[in-house]
Amino acid sequence: MKKFKSLYIKNITVYDIKGKKKSPQNIYIENGIVSDMGKNTYPNADIVIDGEDCLLLPGLIDIHEHLREPGEEHKETIASGALAALAGGFTDIYAMPNTKPPIDTPEKVKFNLMKAKEVAYNNVHVIGSITKGQRGESLAELGLMAKYGTTVFSDDGKWVSNARIMRYALEYTKMFNGLIISHAEDLSLTGNGQIHEGEISTLLGLSGIPEVSETCAIARDIDLARFTKAKLHITHISTEQGLKMIKQAKLDGLKISVDVTPHHIFFTDENLTNFDTNLKVKPPIRSRRDRDSIIRAIKNGLVDAIATDHAPHSKEEKELEFVEAPFGIIGNQIAFPILYKRLVVPGIITLKQLLKLLTSNPANIVQLKNKNKGSIKKGIEADLFIFNPNEKWTFSKETSFSLSENSPFFNKSIDGKIKYVILKNQLHIF
Amino acid sequence: MSPWKHKHLLGLSSLSKKEITRILDEAREFYKVLERPIPSVPALRGKTILNLFFEPSTRTLMSFTLSEKRLSADSLTFSKTSSSIKKGETLLDTVKYIEAMKIDGIVVRHSSAGVPYYLSQRINAFVINAGDGAHEHPTQALLDLFTARRHFKTLKGLKIAIIGDIKHSRVAKSNIIGFSKMGASVTVCGPPTLIPFGIEKMNAIFEYDLKKAIKDADIIYVLRIQMERQENGMFPSLREYRELFGIAQQNKKKGSIIMHPGPINRGLELTSSMADAPNSLITEQVKTGVAVRMAILYLLGGASEKI
Amino acid sequence: MKKISSENEIKLILERISSEIKERHIDMKKVSFIGIKRHGDILAERLKYILSKDTGIKFNVGALDITFYRDDLQMISELPEVKSTEINFDVNGREIILVDDVLYTARTIRAALSEILDFGRPSRIELAVLIDRKQKELPICPDYVGKIIPSSKEEIIDVFLKELEGKDAIFIRKKDEPMET
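Let me sum up the structure you'll find in this document. Not measured: the values here are computed from a predicted model.

With that out of the way, let us pick up the pairing of strand β2 (residues 6-16) of chain A. Residue and element names in this part refer to chain A. Buried residues dominate β2, accounting for 8 of its 11 residues. Examined bridge by bridge, β2 and strand β6 (residues 47-50) share 4 bridges and lie parallel to one another. Considered in β6, the bridge of Y8 is made with V48. In this structure, β2 lies alongside strand β7 (residues 55-58), joined through 2 bridges in parallel fashion. Its bridge partner lying in β7, T13 is registered against L55. In this sheet, strand β3 (residues 19-20) lies alongside β2 in antiparallel orientation, the contact comprising 2 bridges. Looking at β3, one finds that D16 is bridged to G19.

As structure tokens, this is what we get:
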């Protein structure tokens with residue numbers, strides 16, 4: 001990391017959520033503010049970067065990450081997870097509260113925010129638990145947590161199965177315009193399920209997680225949101241049927257939003273025939289049909305955001321029998337390059353659309369204070385990254401910042417590299 | 001004859017019809033060996049085979065042990081339930097241990113699907129799947145194919161009805177794959193809660209009605225019903241199961257046979273009179289099991305390198 | 001490539017060996033034949049035919065596949081196809097004539113002896129071969145020899161028999177020379 005007073009990026013192509021700017025552009029950043037864009041040159045700046053062949057893009061936001069601190073620092077810490085996210089272009093990240101113990105009090109929220117300020121270069125936000133101890137029995141101190149640091153709440157993997165408690169949560173958070181994120185999963189239907197219930201689970205003899213374990217939960221949550229008129233965000237949706245329900249809810253005028261993960265865009269259950277525990281996730285990688293419906297929903301704007309669900313687990317835990325291995329994979333460092341290659345390069349969506357899914361849309365969902373997320377224009381705080389779409393690199397122990405290696409992309413070649421991240425008056429070189 | 005190209009036997013889904021036929025043909029020779037005055041041959045002399053059983057088993061373990069001895073291999077058994085493995089020793093430690101002992105081949109049974117695959121990726125020894133979770137049990141299916149072929153001379157055109165808990169049965173899975181690959185037609189029958197998703201994609205027909213399922217069947221293959229399925233609420237009672245899916249009377253088709261992978265819950269999925277009837281091949285399955293496993297061990301362990 | 005024996009010569013050799021067998025065995029009823037696949041079993045059948053015609057005795061003939069007993073099984077890379085061993089008579093107390101086409105290293109004979117002994121305890125086993133290459137690596141000597149052809153490891157002896165190859169002939173060739181067809 002380099003601190004600077006003035007930074008000059010010359011000859012670079014600039015994209016933001018409005019699309020492509022006139023190119024090439026010269027950008028001048030002074031005292032952390034984008035102070036000039038256009039043809040002027042600043043050869044005397046503290047740092048000069050030649051942006052040829054590269055794209056200048058707005059810093060990204062990831063609203064679903066697991067940083068494992070406190071309690072499981074061998075898998076990830078706030079410092080390591082946030083740095084991996086930063087190297088992936090994410091300047092704002094939201095950490096899920098299912099740590100050990102879970103973040104369910106204003107004190108714990110404050111402490112983690114404080115810790116994050118100390119160790120992370122990017123903005124680490126904390127999500128609070130909906131219920132005490134994430135036990136689903138009684139509401140955590142949502143109001144105090146809102147007062148001292150977060151208005152976003154989730155029990156993540158422990159879906160609030162008690163409908164009455166979920167109703168209270170949705171009602172209660174309305175008083176401060178908070179947000180409930182639901183990892184929609186009826187655990188009684190998941191049972192001992194390991195992978196998507198379908199032909200592949202039958203073939204492999206692994207217990208299935210039926211699509212209804214997601215859709216039944218979504219149906220209930222949507223109806224509670226309708227009834228309470230509250231906001232509701234469904235995270236990492238994985239089924240075609242679930243997307244249909246979201247579409248209808250949106251048509252009905254409900255305040256519903258939804259995100260998907262990169263791995264549900266990439267893989268289908270057919271990729272699991274080698275019993276790879278690095279594809280064991282929740283919700284499970286589903287059928288080709290579900291995967292294709294997710295891509296269609298991204299294309300037609302039904303999906304509001306992409307979030308990584310970065311979930312580190314140690315090698316020891318993943319190197320087990322398939323049924324013993326925990327669910328979850330890492331991915332914040334590689335999400336942008338792989339999404340760019342998967343969605344933008346073949347023309348499924350435009351770069352502008354991808355940026356919306358990774359900046360302004362999720363920022364709106366969680367009501368990020370920075371209202372310029374996704375924009376690059378004169379006069380705003382520098383929150384940018386430089387991406388070289390043609391540079392190849394290997395995602396490996398040497399290049400990864402996460403403490404864990406549980407990714408199907410680990411030791412694989414990645415097309416496109418994030419070279420620099422600029423946040424306020426700091427330059428990060430990767 | 002083309003060379004045998006598989007290093008491991010993990011499931012029937014990776015074998016071609018030709019390869020299955022090769023195993024059955026070799027097994028025929030070993031079946032004859034078993035009838036000799038000294039029913040053993042030195043084909044695997046000097047080879048060490050480890051039977052790695054993480055799940056309780058008597059029959060399969062005995063059958064493998066006998067097969068190994070009949071081939072003059074040095075055979076040893078490590079049996080441990082997965083629960084004691086959980087206490088600290090990981091599968092990876094077990095792998096390291098095997099490597100250090102210079103084992104030529106392992107026969108593995110585990111309650112978790114995919115463990116034989118896992119081992120095959122990490123050790124040099126050849127791996128034979130002796131049953132992994134609800135995935136596959138290839139040696140059982142091969143011995144069933146052998147038994148049926150020996151009885152009917154050919155497998156092509158045979159009709160087999162598999163009755164019981166298809167969902168949790170690796171035996172059913174491997175047999176559906178095996179019999180349909182060999183040109184037989186497979187019907188499955190059991191409580192709908194115990195029929196897995198996508199069974200029709202495996203070339204099996206699903207039939208609720210037991211009478212219809214066995215009406216034209218040449219082979220009635222009865223699966224063991226696990227009591228815990230009833231405890232989990234997948235069917236209402238044993239009484240109801242016995243009434244709706246138990247095999248209690250001679251079916252109509254002449255010349256049909258009864259098979260069961262054992263051990264039988266006598267009087268539940270199969271009555272004693274049916275299990276011991278002249279058309280029951282259940283004890284024959286035990287005998288053919290040794291011959292088939294000898295053939296597999298010979299094919300995988302007989303030569304030093306596979307091409 | 002060189003022809004060593006013609007059809008007629010093979011016939012004469014087998015007739016000579018037959019008469020030698022008859023000379024050495026007081027009670028021909030005790031004699032049985034076991035041929036090593038794939039040629040020895042055919043030669044055993046031919047010896048049986050000649051001696052049956054001569055003595056009127058119905059001799060037992062068995063065929064042996066020694067694959068499971070090979071001492072090089074762990075060294076070869078391609079697994080040999082298993083052919084059937086068919087010994088459908090009791091070998092206990094019999095006088096066995098073990099028949100093979102070519103005696104080379106004698107390791108096949110060693111394997112065959114092991115296999116026969118697993119079937120029982122014959123009172124005697126003798127060895128009859130069409131060709132002895134004088135290259136044996138084990139202390140095994142044939143009792144009946146058709147022809148001695150001292151040959152090196154660089155040479156190959158091809159035996160053709162009517163039942164399998166459509167003609168009776170024996171050739172010798174260098175390793176790199178193509179086989180007679």
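We are not done yet, so read on.
For the rest of this paragraph, the subject is the side chain of T190(A). Residue and element names in this part refer to chain A. Tracing the backbone shows T190 in helix α5 (residues 187-190). Take T190: its relative accessible area is 3%, and that puts it in the buried class. Within the structure, T190 has its side chain in polar contact with the side chain of E185 (distance 2.8 Å). For T190, the contacting residues outside a window of four places in its chain are E185, G208, I209, S213 and K282.

All right, on to the pattern of salt bridges then. Considering all chains together, one arrives at 51 salt bridges over all chains under this definition. Here K174(C) makes a salt bridge to E155(C), at a shortest N to O gap of 3.6 Å. Of this pair, K174(C) sits in strand β8 (residues 169-174) while E155(C) sits in strand β7 (residues 155-160), placing them 19 residues apart in sequence. Sharing partners across several salt bridges, the network here consists of E72(A), K75(A), K100(A) and E317(A).

Side chains of L76(B), Y97(B) and M101(B) sit close together on the surface and give an oily, nonpolar patch of about 270 Å² of accessible area. Its place among the elements puts L76(B) in strand β2 (residues 74-79).

Once that is clear, we can look at the interface of chain B and chain A. Contacts between chain B and chain A engage 22 residues on the former and 16 residues on the latter. Buried surface at the junction of chain B and chain A, summed over both partners, amounts to about 1600 Å²; 59% is from carbon and sulfur atoms. Per-residue buried area on chain B facing chain A is highest for A113(B), Y117(B) and F197(B); these three make up 30% of the total on that side. Remark: the boundary between chain B and chain A carries 2 salt bridges. Across the pair K201(B) and E199(A) runs a salt bridge, and its minimum N-O distance is 3.0 Å. At the boundary of chain B with chain A, the tally comes to 7 residue pairs in polar contact (both at pLDDT 80 or more). When residues of the side of chain B that touches chain A are traced back to their parent elements, those giving at least two are α3 (82-86), α4 (91-100) and α5 (115-122) of chain B. With 4 residues, the single largest contributor to the side of chain B that touches chain A is α5(B).

Cut-off values and rules
- Residues numbered from 1 in each chain as written.
- Chains lettered and ligands numbered in written order.
- Predicted model: local features only at pLDDT ≥ 70, side-chain atom pairs only at ≥ 80, totals over all residues.
- Heavy atoms only, no water.
- Buried < 20%, exposed > 50% of the residue type's maximum accessible area, 1.4 Å probe, protein only.
- Helix = DSSP H or I, 4+ residues; strand = E, 2+ residues; numbered from the N terminus.
- Pairing = 2+ DSSP bridges.
- Polar contact = N/O pair within 3.5 Å; in protein donor to acceptor, adjacent residues only side chain to side chain.
- Contact = heavy atoms within 4.5 Å.
- Salt bridge = Lys/Arg side-chain N within 4 Å of Asp/Glu carboxyl O.
- Patch = residues over 30% accessible without salt bridge, like charges linked within 9 Å, V, L, I, M, F, W, Y side chains within 5 Å.
- Areas by Shrake-Rupley, 256 points an atom, 1.4 Å probe, with all protein chains shown as cover.
- Buried area = accessible area lost by both parts, 1.4 Å probe.

Take it as geometry only, folks, not as evidence of what the structure does.
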